[in-house]
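Below, each chain spelled out in residue letters.
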Amino acid sequence: MDANVTPLREEDAYPALPQDAYGWEKLVTERLCTHYREDYGLETRIVRFHNIFGPRGTWDGGREKAPAAMCRKVAYAKLTGSPEVEIWGDGEQTRSFCYIDDCVDGISRLMRSDYREPLNLGQDRMVTINELADMVAAAAGIEIVKRHIPGPQGVRGRNSDNTRLRAVLGWEPQ
C-alpha cells in the first residue's frame, strides 16, 4: 500500500499474502519445483523475476510492461504533437525494472550454480511511474504533460532486495 517500500527479500514471501491469483500461481509453482526435486530428483531452480522488460515484449493491448507502455505513449505524443500522456493513478507508484539481457545473464548464472532456494532476479533501483515518464520523454527529446487518470495500478510499491543474489552469484543486474 506504500510506494516507498522496503525491498522484498526472498523470505518475505511467507506468510503468503499475494495480491491475487497471479501471486498464488507463482508460489504454488515454487512449491511444485521443490517437490519435483525432492520426490523425483528433477533438478530445479526457483527465480523470482522483478519487472523484466525488453525489445521483444508486447507494447500495446493493456498487458504490456510499464516501460513499453510509456514508450508507446510518449512516441504517440511526439508523433502527433500532442504532449499529453495518460498515467494511471497519481504516478507515484514505484517499481524496479530489469532489462531482459540482465535477466538472461542471471538465469544462466543461476542454472550453472547449485543454488536451489528461491532467488530474486531484478533491479534494486526504485523508480516512480512519473519518473519513468520523464526519462522516456527526455530520451525522445520532448516535454510531456502528465494527465493522471483512474486505472489499474497493481501494488503501490515493489522493489527487489538483491542481497542474496549478489551473495549466491557474485553478480547483479547492470
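This text goes with the structure placed above it.
Presented here is an overview of the structure given in this document. Each chain has its residues counted from 1, running along the sequence as written. Local features in this predicted model are restricted to residues of pLDDT 70 or higher, and side-chain atom pairs are both shown and tallied only at a pLDDT of 80 or more, whereas totals for entire chains, interfaces and linings draw on every residue. Hydrogens and water are ignored here; the side-chain numbers use all heavy atoms of the structure.

## Quick word on the overall build of the chain
- The secondary structure listing takes helices from DSSP runs of H or I that are at least 4 residues long and strands from runs of E that are at least 2 residues long, numbered from the N terminus. Regarding its fold elements, the chain presents five helices and eight strands.
- Moving toward the C terminus, one meets the helices and strands of the chain in the order α-β-β-α-β-β-β-α-β-β-α-β-α.
- For the C-alpha atoms alone, the extent of the chain along its principal axes is close to 60 × 30 × 30 Å.
- The buried share among the 174 residues of the chain stands at 39%.
- The Shrake-Rupley method, run with a 1.4 Å probe, gives the accessible areas here. Residue values count only the displayed protein chains as cover. Carbon and sulfur atoms make up 54% of the accessible area of the chain, which totals about 10,700 Å².
- The charge count includes Lys and Arg as positive and Asp and Glu as negative, but it does not include His or the ends of the chains. For charged residues, the charge sits on one atom: NZ in Lys, CZ in Arg, CG in Asp, CD in Glu. Side-chain charges in the chain split into 23 positive and 27 negative, and the spacing between the mean points of these groups amounts to 2 Å. Each residue's exposure class comes from its accessible area (1.4 Å probe, protein chains only) as a fraction of the maximum for that residue type: buried when under 20%, exposed when over 50%, partly exposed otherwise.

## Considerations on the pattern of salt bridges
- Definition used for salt bridges: Asp or Glu carboxyl oxygen within 4 Å of a side-chain nitrogen of Lys or Arg. Under the criterion given, the structure shown has 15 salt bridges.
- With a shortest N-O distance of 2.7 Å, Arg48 and Glu30 are connected by a salt bridge. Of the two residues, Arg48 sits in strand 1 (residues 47-50) while Glu30 sits in helix 1 (residues 21-40), which places them 18 residues apart along the sequence. Comparing Arg48 with Glu30, the two get one shared label, buried.
- A salt bridge links Arg72 to Glu64; the shortest N-O distance between them is 2.5 Å.

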